[in-house]
Amino acid sequence: MARKVFISVLGTGYYSKTKYYCENKDENVETHFIQEAMLKFYSNEFKKNDKAYLFLTRKARNDNWESPAQKNNKFVIEGKSDSYQGLEETLKGFDFDVISKDIPDGNNEEEIWEIFQKVFDVLELEDEVYFDITHAFRSIPMLIMVLINYAKFLKKINVKSITYGNWEGRD
C-alpha cells in the first residue's frame, strides 16, 4: 500500500490563532498553525508508516518550530499580547512521524535547486502526497508545482491534496 506524505514549509511570521475548516471534514481546528490543522484533518487517513515533513529555514526553525523560542517570546498584535508554543511541540502525539528538514532561504538559483532536491528526496515511489503551500516563501509554490510534475513522472507519486490556508478570508 502506498505511503501517505504531508509536506509543508513553515514560515517566520507570527501566526494568529484562528479556526481552520476543510471541505469534506466535519470539524474545525483552532490553532496558530495551518500544519496542525491539516494533519488533524487527515490524521484518520494517515497510518504508522506515513510521514509528515516540515521544511524550515534557520529563521523559521528559531521563530516558529522550536518551543523555547515561543515560550519566552510575546507578540503584540493590535494591542493584544499573545504567545504560543512552537510547532514542534504542537505536533507531538500523532501516530506517524513528523520530521523537520532544514532548507536554505531560497535567495538564489543554487538555494532554489537545493530546496527542490531536499523536497524531492523525501518522496518515495508511488507516495500519496498532501502539499500545504500556505507559508511557502515567494516562489516556493511555483517550485512545488514543477516538483510535483517531475515526481509524478519519476516517482509515480499521486497528489491527493494541495492546500492553502486562507487566513485573510477568515471573516
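Residues numbered from 1 in each chain as written. Predicted model: local features only at pLDDT ≥ 70, side-chain atom pairs only at ≥ 80, totals over all residues. Heavy atoms only, no water.

## Section: the packing of aromatic side chains
Taken as a whole and judged by the stated rule, the model has eight aromatic pairs. Centroid distance Phe-116 to Tyr-150: 5.5 Å. Interplanar angle 55°. Geometry classified as tilted. Of this pair, Phe-116 sits in helix 5 (residues 109-122) while Tyr-150 sits in helix 6 (residues 140-154); the two residues are 34 residues apart in sequence, bridging distant segments of the chain. When its relative accessible area of 39% is taken as the criterion, Tyr-150 is described as partly exposed. Taken together, the ring pairs in this structure connect Tyr-42, Phe-46, Phe-94, Phe-96 and Tyr-130 into an aromatic cluster. Stacked on the ring of Phe-120, the Lys or Arg Lys-155 has its end atom at 4.1 Å from the ring centre. (Phe/Tyr/Trp six-rings, centres within 6.5 Å; stacked < 30°, edge-to-face > 60°. Helix = DSSP H or I, 4+ residues; strand = E, 2+ residues; numbered from the N terminus. Buried < 20%, exposed > 50% of the residue type's maximum accessible area, 1.4 Å probe, protein only. Lys NZ or Arg CZ within 6 Å of the ring centre and 35° of its normal.)

## So, helix 1 (residues 34-42)
Extensive coverage of helix 1 is indicated by the burial of eight of its nine residues. Among the residues of helix 1, Ile-34, Gln-35, Glu-36, Ala-37, Met-38, Leu-39, Phe-41 and Tyr-42 are the ones counted as buried.

## Quick notes on the pattern of salt bridges
Side chains bearing opposite charge may pair, as long as their charged atoms lie close to each other. In this structure the tally under the stated criterion is nine salt bridges. The residue Glu-128 makes a salt bridge to Lys-4 at a minimum N-O spacing of 2.5 Å. One end of the pair, Glu-128, is in strand 8 (residues 128-132); the other, Lys-4, is in strand 1 (residues 4-10), and 124 residues separate them in sequence. Each member of the pair, Glu-128 as well as Lys-4, is classed as buried. (Salt bridge = Lys/Arg side-chain N within 4 Å of Asp/Glu carboxyl O.)

## Quick notes on the sheet that holds strand 8
Read across the open sheet, the five strands follow the order 7-4-1-8-9; overall the sheet is parallel. Taken across any chain shown, the strands that pair with only one partner, and hence form the sheet edges, are strand 7 (97-102) and strand 9 (158-163). Taking the axes of each pair of neighbouring strands and ignoring which way they run, one obtains an average angle of 20° across the sheet. Pairing between strand 4 (residues 51-56) and strand 7: six bridges, direction parallel. Paired with Lys-51 across the two strands is Asp-97, which belongs to strand 7. Along the sheet, helix 6 contacts strand 1, strand 8 and strand 9; its crossing angle with strand 9, the most-contacted strand, is approximately 170°. (Pairing = 2+ DSSP bridges. Axes fitted to C-alpha atoms, helices over the stretch in contact; angles between N-to-C directions. Contact = heavy atoms within 4.5 Å.)

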